[in-house]
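This is what each chain is made of:
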Amino acid sequence: MELNDKTFIVTGASSGIGAAAALLLAAKGANIVLGARRQAELDQLAGQISQSNGKAVCLSGDVRDEMYALALVNCAKDEFGGLDGAFNNAGTTGEMGPVPDMQSDNWHNVIDVNLSSGFYAAKYQIPLLCENGGGSIVFTSSFVGHTVGLPGMAAYAAAKAGLIGMTQVLAAEHGAENIRVNALLPGGTMTAMAGDDPGFHEVVCGLHALKRMAEPSEIAQVALFLLSENASFATGSAIVADGGNSINKF
Ligand SMILES: NC(=O)c1ccc[n+]([C@@H]2O[C@H](COP(=O)([O-])OP(=O)(O)OC[C@H]3O[C@@H](n4cnc5c(N)ncnc54)[C@H](OP(=O)(O)O)[C@@H]3O)[C@@H](O)[C@H]2O)c1
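### Focus on the layout of surface pockets
Okay, so step 1: Looking at the largest pocket, its volume works out to about 1100 Å³.
Okay, so step 2: Considering the residues around the largest pocket, the lining is formed by 45 residues, among which Gly91, Thr93, Tyr156, Thr191 and Met193 are closest to the centre.
Okay, so step 3: Those elements that provide at least two residues to the lining of the largest pocket are helix 1 (16-27), strand 2 (31-36), helix 4 (104-132), helix 5 (154-174) and helix 6 (198-206).
Okay, so step 4: For the lining of the largest pocket, the residue count by class is 20 nonpolar, 20 polar and 5 charged.
Okay, so step 5: If you add up the space inside the second largest pocket, you get close to 220 Å³.
Okay, so step 6: Taken together, 16 residues make up the lining of the second largest pocket; nearest its centre are Lys6, Asp84, Gly135, Leu227 and Glu229.
Okay, so step 7: Tallied by class, the residues present in the lining of the second largest pocket amount to 3 nonpolar, 8 polar and 5 charged.

Quick look at the structure:
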């Protein structure tokens, strides 16, 4: 299969887009290191992957912890002998509200989960990818902060836009080592992050040209593309898969 003997770290694998991506990568033959805080959800996903003859190991932890990023890389090396890429996807919106009302603790938490985690990930993933002769890193960013300013989401927008800047620098720094780095910008996607309020979903659907939200599996397909050799000349990009959210005005 396409990704036979390739090894990828997927964070945010306990639900939503990360879980869908892990399932898809494993179905393509890849070995997966599953990361997130919720051990039970990771165990369940690993079981599902192994029942389909895929290979996955779980390592639970908090992406705000630099040593967790190192542990995930060491896990890939110890369990599967190296690393071919990573989908650094864990994220949170945090508490939403206007900036004058936003607590500094919330600001720092949202930046840490969404952005500092990406720095820690890259810091430890890149040396192992260099040993491997190259690889692909994908960060989950968002249309929020890139093409759309949504009220109440200043910290999230800043973090997700920051990931795009970091993506560009990492791509420039490590392109000569055959390491590609891209940001994936999903539109509204039906996950826990989007909540379960039908009224809210209806409003969000209306923001998109396609007049619907994405299924996690649709975003996972774009992650698969960016992580695979099919995207061999794509690096430093902010790849929008947003159902036309960014271009829609009516
Ligand atoms: N859904 C959307 O509409 C949408 C749109 C654009 C971008 N995104 C981005 O897509 C990514 C995936 O989100 P999702 O929509 O799939 O939502 P989700 O189902 O809520 O998934 C979020 C994932 O991040 C993990 N996570 C959160 N905080 C963490 C922490 N401190 N340490 C480790 N893992 C942590 C969660 O796992 P644990 O709780 O088990 O730790 C979970 O697996 C996020 O980066 C999000 O910002 C989502």
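### As for the site of the ligand
Okay, so step 1: Neighbouring the ligand are 29 residues, the closest being Ser14, Arg37, Arg38, Tyr156 and Thr191.
Okay, so step 2: Here an oxygen atom of the ligand and a side-chain polar atom of Arg38 are 2.7 Å apart.
Okay, so step 3: The cavity that encloses the ligand is the largest pocket.
Okay, so step 4: Of all the elements in the fold, those that place two or more residues in the shell around the ligand are helix 1 and helix 5.

### Some thoughts on the environment of Glu79
Okay, so step 1: Residue placement: Glu79 occurs in helix 3 (residues 66-80).
Okay, so step 2: Owing to a relative accessible area of 48%, Glu79 belongs among the partly exposed residues under this scheme.

### Regarding empty space enclosed by the protein
Okay, so step 1: The tally for this structure, following the rule as stated, stands at 1 cavity of 30 Å³ or more.
Okay, so step 2: When its volume is computed, the largest cavity comes out at roughly 160 Å³.
Okay, so step 3: Surrounding the largest cavity, 19 residues form its lining, Thr11, Val63, Asn88, Ser117 and Ala121 being those nearest its centre.
Okay, so step 4: At 5 residues, the largest contribution of residues to the lining of the largest cavity is made by helix 4.
Okay, so step 5: Here the lining of the largest cavity is composed, by residue class, of 9 nonpolar, 8 polar and 2 charged.

### Side note on the sheet that holds strand 2
Hydrogen bonds along the backbone pair up the strands of a sheet, which may run parallel or antiparallel.
Okay, so step 1: Spatial ordering of the open sheet is given by 3-2-1-4-5-6-7, a layout of 7 strands whose pairing is parallel. Edge positions in the sheet fall to strand 3 (55-60) and strand 7 (238-241), since each of these pairs with one other strand and no more. When strand polarity is set aside, the average angle formed by the axes of neighbouring strands in this sheet is 20 degrees.
Okay, so step 2: Here strand 6 (residues 179-186) runs beside strand 7; their pairing, made up of 4 bridges, is parallel. What sits directly across from Leu185, in strand 7, is Val240.
Okay, so step 3: Across the sheet, helix 1 is in contact with strand 1 (7-11), strand 2, strand 4 (85-88) and strand 6; its angle to strand 1 comes to roughly 165 degrees.

### Side note on the packing of helix 1 against helix 2 (residues 39-51)
Okay, so step 1: One can describe the packing of helix 1 onto helix 2 by two numbers: an axis separation of 10 Å at closest approach and a directional angle of 25 degrees. Judged on the interaxial angle alone, helix 2 and helix 1 are roughly parallel. The element helix 1 and its partner helix 2 pack so that their crossing is right-handed. Across the interface between the two elements, Ala19, Ala22, Leu23 and Ala26 from helix 1 touch Leu45, Gln48 and Ile49 from helix 2.
Okay, so step 2: Broken down by class, the residue content of the contact of helix 1 with helix 2 amounts to 6 nonpolar, 1 polar and no charged.

### Thoughts on the pattern of salt bridges
Okay, so step 1: The tally for this structure, following the rule as stated, stands at 4 salt bridges.
Okay, so step 2: Between Asp62 and Arg64 there is a salt bridge, with the nearest N and O atoms lying 2.5 Å from each other.
Okay, so step 3: Owing to a relative accessible area of 34%, Arg64 belongs among the partly exposed residues under this scheme.
Okay, so step 4: Across the salt bridge formed by Lys77 and Glu131, the nearest N and O atoms sit 3.8 Å from each other. Of the two residues, Lys77 is situated in helix 3 and Glu131 in helix 4; the sequence distance between them amounts to 54 residues.
Okay, so step 5: Relative accessible area serves as the criterion here: at 37%, Lys77 is assigned to the partly exposed category.
Okay, so step 6: In this structure Glu131 comes out as exposed when scored by relative accessible area, which is 58%.

Thresholds applied
- Residues numbered from 1 in each chain as written.
- Predicted model: local features only at pLDDT ≥ 70, side-chain atom pairs only at ≥ 80, totals over all residues.
- Heavy atoms only, no water.
- 1 Å grid on protein atoms, 1.4 Å probe; cavity = no way out; pocket = protein on both sides within 12 Å on 5 of 7 lines; lining within 4 Å.
- Points joined across faces, edges and corners; volume = space filled by probe spheres on them.
- Helix = DSSP H or I, 4+ residues; strand = E, 2+ residues; numbered from the N terminus.
- Nonpolar A, V, L, I, M, F, W, Y, C, P; charged D, E, K, R; others polar.
- Near = heavy atom within 4 Å.
- Polar contact = N/O pair within 3.5 Å; in protein donor to acceptor, adjacent residues only side chain to side chain.
- Sits in = over half its atoms within 2 Å of the grid points.
- Buried < 20%, exposed > 50% of the residue type's maximum accessible area, 1.4 Å probe, protein only.
- Pairing = 2+ DSSP bridges.
- Axes fitted to C-alpha atoms, helices over the stretch in contact; angles between N-to-C directions.
- Contact = heavy atoms within 4.5 Å.
- Parallel < 35°, antiparallel > 145°, perpendicular 65-115°, else oblique.
- Left-handed = near helix turned anticlockwise from the far one by under 90°.
- Salt bridge = Lys/Arg side-chain N within 4 Å of Asp/Glu carboxyl O.

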